[in-house]
Amino acid sequence: MLLKKIAPNAFYNSAARFDPPKCDEDTRVKVISEIMDWIGDREGPTRLLCMTGAAGAGKSALQQTIAERCADSGILGCAIFFSSQDPTRNNLYRIIPTIAFQLGKHDRRLRDYIREAVEEDPPIFTRTIQTQMDTLVVRPFKELQANVDFDAGSFPHVMLIDGLDECAGEERQAELLSTIKHCLLDNDLPFRIFIASRPEWAIRSALNAEARGYLHPLAHHIQLSDKYDATKDIRRYLWRRLRDIGSRSYDPRARSKSWPTMEDIEKLVLAASGQFVYVATVVKYVSERRSSPVDRLETVIDWTPEEGQLARPFEALDALYAGILSAAKELYEAVDTHRRRNFLLLLRAHLINNDARFGARVPGDDIRYYATIESKPIILDTRQLPDCLPSLPVQHELNEPGLADALKSYYKKWSKLVRISLVRCGFDRSLVNLPPEDTEEGEGEEGQEPQEELNS
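Residues numbered from 1 in each chain as written. Predicted model: local features only at pLDDT ≥ 70, side-chain atom pairs only at ≥ 80, totals over all residues. Heavy atoms only, no water.

Draft legend 1. Spotlight on the overall build of the chain. Regarding its fold elements, the chain presents 21 helices and five strands. In the chain, the share of contacts with a sequence separation of at least 24, taken over all contacts with a separation of at least 6, comes to 76%. Entry remark: accessible area of the chain is about 23,300 Å², with carbon and sulfur atoms responsible for 49%. (Helix = DSSP H or I, 4+ residues; strand = E, 2+ residues; numbered from the N terminus. Contact = heavy atoms within 4.5 Å. Areas by Shrake-Rupley, 256 points an atom, 1.4 Å probe, with all protein chains shown as cover.)

Shown next, in the form of structure tokens:
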């Protein structure tokens with residue numbers, strides 16, 4: 001029963017998070033050292049570490065790096081990676097079962113205690129988060145500690161929570177922090193808990209010394225953007241990644257020792273303003289195998305505002321996103337002259353499917369496969385954008401002019417399945433806005449597909 005309630009996408013090594021951001025070798029050395037030293041000091045006075053920093057400061061990369069190091073050392077008890085784009089890990093409903101499941105893997109007796117707790121109270125998953133934590137984690141662990149042969153020093157003691165700000169609802173974020181305090185810290189359990197988040201209201205108020213935040217005396221606080229200047233790490237990251245891209249490129253200019261130039265690197269470092277998300281996006285865009293990295297880097301440099309023109313912290317990032325989307329739009333329109341479908345509407349349709357905005361993703365791999373084929377010019381460039389690209393606003397009902405038609409390429413082969421999914425998710429009224437189930441030139445009779453497409 002517990003297994004059905006967990007969020008496996010939230011694991012540090014989940015396939016849903018394939019190729020997650022992490023720190024390059026020789027980058028973020030000081031902050032990683034501080035975190036690992038704190039983790040290793042099991043007798044230290046503070047058992048909660050909170051790291052805050054702006055969007056794009058590299059918090060998730062640090063958490064991933066710490067998670068992998070702890071796992072390799074056998075001290076990772078559990079790890080939770082929130083994501084606002086994933087409905088299975090952007091709320092609290094599955095978080096406590098996921099923590100209990102991961103902890104239970106480390107000791108058979110603890111796993112048995114957790115199973116017994118669920119059997120005694122099957123509706124436990126509908127209780128408050130604090131009740132779930134007490135029933136599924138605290139009490140079973142205390143039972144484990146009562147065993148005379150239990151060695152607390154050998155039990156994996158690190159608990160990681162990344163992206164607290166990506167949990168929907170500030171009150172829910174505050175509820176999780178309060179639960180950690182009352183259940184884990186107040187009960188003196190032997191865990192070292194590391195939380196990373198943007199400095200949003202819930203964690204900011206809990207850590208605020210002037211407002212006497214309840215976590216302030218209990219937590220070690222790292223303010224990432226203030227304490228650690230990432231400029232040198234960003235410069236090192238750009239040199240290493242761009243040179244690596246160049247060494248594997250078919251373009252001889254990219255394999256030259258003179259590429260990239262010092263001037264280009266310094267311009268990108270300046271534009272990044274200490275935010276790793278900017279240079280990570282540049283690297284993704286330049287690394288497209290079907291294009292010349294030299295040409296792509298020149299394009300990025302052209303998009304980059306000059307020194308003194310940056311009025312807002314993320315203006316360079318905004319310009320980079322706008323440039324990538326504009327390039328994708330031009331590429332799409334160049335090959336879609338026979339249909340003349342609206343690029344932005346098709347992109348919005350792709351976001352609806354990708355972000356499961358119907359409430360549940362239509363199965364899943366197949367429909368995304370066809371979407372990728374249908375919209376390959378879009379995906380070619382927009383896949384260079386990281387997950388933090390702000391999603392375009394989309395309404396649940398398909399009442400935006402043209403949006404229903406744009407969705408046609410996504411469900412043409414799956415129309416019945418999509419319609420059933422809409423009904424199950426409570427969007428019956430959206431059915432009238434979907435295009436009719438007609439056939440186009442080249443398609444067979446109803447229920448049949450052209451042989452060429454079936455073989456693709």
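More follows now that the structure is in view.
Draft legend 2. Fine view of the packing of helix H5 (residues 129–145) against helix H6 (residues 170–185). Viewed as axis vectors pointing N to C, H5 and H6 meet at an angle of 40 degrees, and their least axial separation amounts to 9 Å. Regarding the angle of H5 to H6, the classification is oblique. Helix-helix and strand crossings are classified by hand; for H5 and H6 the assignment is right-handed. In contact with Ile129, Gln130, Met133, Asp134, Val137 and Val138 of H5, H6 contributes Arg172, Glu175, Thr179, His182, Cys183 and Leu184. The residue makeup of the contact of H5 with H6, split by class, is six nonpolar, three polar and three charged. (Axes fitted to C-alpha atoms, helices over the stretch in contact; angles between N-to-C directions. Parallel < 35°, antiparallel > 145°, perpendicular 65-115°, else oblique. Left-handed = near helix turned anticlockwise from the far one by under 90°. Nonpolar A, V, L, I, M, F, W, Y, C, P; charged D, E, K, R; others polar.)

Draft legend 3. Region of interest: the environment of isoleucine 161. Among the structural elements, isoleucine 161 can be located in strand S3 (residues 158–162). Residues isoleucine 161 and phenylalanine 194, spaced 33 residues apart in sequence, show a C-alpha to C-alpha distance of 6.3 Å. With residues near it in sequence (within four places) discarded, isoleucine 161 still touches Gln63, Ile80, Phe82, Ile180, Phe194, Ile195 and Ala196.

Draft legend 4. Inspection of the side chain of glutamine 102 at higher detail. Looking at the element boundaries, glutamine 102 is found in helix H3 (residues 95–104). On the basis of relative accessibility, which here comes to 10%, the residue glutamine 102 falls in the buried class. The contact partners of glutamine 102, leaving out residues within four places of it in the chain, are Phe11, Gly77, Cys78, Ala79 and Ile80. (Buried < 20%, exposed > 50% of the residue type's maximum accessible area, 1.4 Å probe, protein only.)

Draft legend 5. Main features of the nonpolar core. With 51 residues, the main nonpolar core has Ile99, Leu184, Ile193 and Ile195 as its most contacted residues. With residues near it in sequence (within four places) discarded, isoleucine 99 still touches Cys78, Ile80, Met133, Val137 and Met159. (Core = buried A, V, L, I, M, F, W, Y, C linked by side-chain atoms within 4.5 Å.)

Draft legend 6. Summary view of helix H4 (residues 108–120). The terminal C-alpha atoms of H4, which comprises 13 residues, lie 18 Å apart, in line with the 18 Å expected from a rise of 1.5 Å per residue. Buried within H4 are the following residues: Arg109, Leu110, Asp112, Tyr113, Ile114, Ala117 and Val118. In this fold, the buried residues of H4 make contact with H3 and H5. (Expected span 1.5 Å × (residues − 1).)

Draft legend 7. Main features of the pattern of salt bridges. Evaluation of the coordinates by the stated rule reveals 23 salt bridges. Across the pair aspartate 107 and arginine 109 runs a salt bridge, and its minimum N-O distance is 3.3 Å. This pair shows no difference in class: aspartate 107 is buried, exactly as arginine 109 is. A salt bridge links arginine 139 to aspartate 134; its shortest N-O distance comes to 2.8 Å. Residues joined in a network through salt bridges with shared partners are Asp24, Asp26, Arg240 and Arg241. (Salt bridge = Lys/Arg side-chain N within 4 Å of Asp/Glu carboxyl O.)

Draft legend 8. View of the pairing of strand S1 (residues 48–52). Most of S1 sits inside the fold, with five of its five residues counted as buried. In this structure, S1 lies alongside strand S4 (residues 192–197), joined through five bridges in parallel fashion. Residue pairing for S4: methionine 51 is matched across the bridge by alanine 196. As defined by bridge partners, S1 adjoins strand S5 (residues 219–223) across five bridges and the pair is classed as parallel. Bridge assignment links leucine 49 to a residue of S5, and that residue is histidine 220. (Pairing = 2+ DSSP bridges.)

Draft legend 9. Structural detail: the sheet that holds S5. If you walk across this open sheet you meet the five strands as S2-S3-S4-S1-S5, and the pairing is parallel. A single partner strand is all that each edge strand has here, and the edge strands are strand S2 (76–81) and S5. Across the sheet, the mean angle separating the axes of adjacent strands is 10 degrees when strand polarity is ignored. Packed on one face of the sheet, helix H2 (residues 59–73) meets S1, S2, S3 and S4 and runs near 155 degrees to S3. The strands touched by H6 are S1, S3 and S4; relative to S4, the strand with the most contacts, the crossing angle is about 175 degrees.

Draft legend 10. Focus on the pairing of S4. In terms of burial, S4 is a largely internal element, six of the six residues being buried. Sheet topology note: the S3/S4 ladder contains five bridges and is parallel. In the strand pairing of S4, valine 158 is matched with arginine 192. With H6 bridging S3 and the parallel S4, this β-α-β connection has right-handed handedness. (Right-handed = clockwise from strand over helix to strand, strands pointing away.)

Draft legend 11. Spotlight on unusual backbone geometry. Put simply, tryptophan 259 and proline 260 share a cis peptide bond, and its omega is -5 degrees. When you line up the elements, proline 260 lands in the loop between helix H10 (252–255) and helix H11 (262–272). Despite not being glycine, arginine 212 has its phi angle at roughly 55 degrees, a positive value. Secondary-structure assignment places arginine 212 in the loop between helix H7 (201–207) and S5.

Draft legend 12. Layout of the packing of aromatic side chains. With the rule as written, the count across this model stands at eight aromatic pairs. Residues phenylalanine 141 and phenylalanine 150 carry aromatic rings whose centres are separated by 5.9 Å and whose planes lie at 90 degrees to one another, so their mutual orientation is edge-to-face. Taking relative accessible area as the criterion, phenylalanine 150 reaches 15% and is therefore assigned buried. Summarising the aromatic geometry, the rings of phenylalanine 155 and phenylalanine 191 are spaced 6.4 Å apart at their centres and angled 70 degrees between planes, so their arrangement reads as edge-to-face. Taken together, the residues span a long stretch of sequence, with phenylalanine 155 in the loop between H5 and S3 and phenylalanine 191 in the loop between H6 and S4 at a distance of 36 residues. The same class applies to phenylalanine 155 and to phenylalanine 191, which are both buried. Taken together, Phe141, Phe150, Phe155 and Phe191 form an aromatic cluster joined through their ring pairs. Geometry around tryptophan 38 places arginine 192 over its ring, the cationic atom sitting 4.4 Å from the centre. Geometry around tyrosine 285 places arginine 296 over its ring, the cationic atom sitting 4.1 Å from the centre. (Phe/Tyr/Trp six-rings, centres within 6.5 Å; stacked < 30°, edge-to-face > 60°. Lys NZ or Arg CZ within 6 Å of the ring centre and 35° of its normal.)

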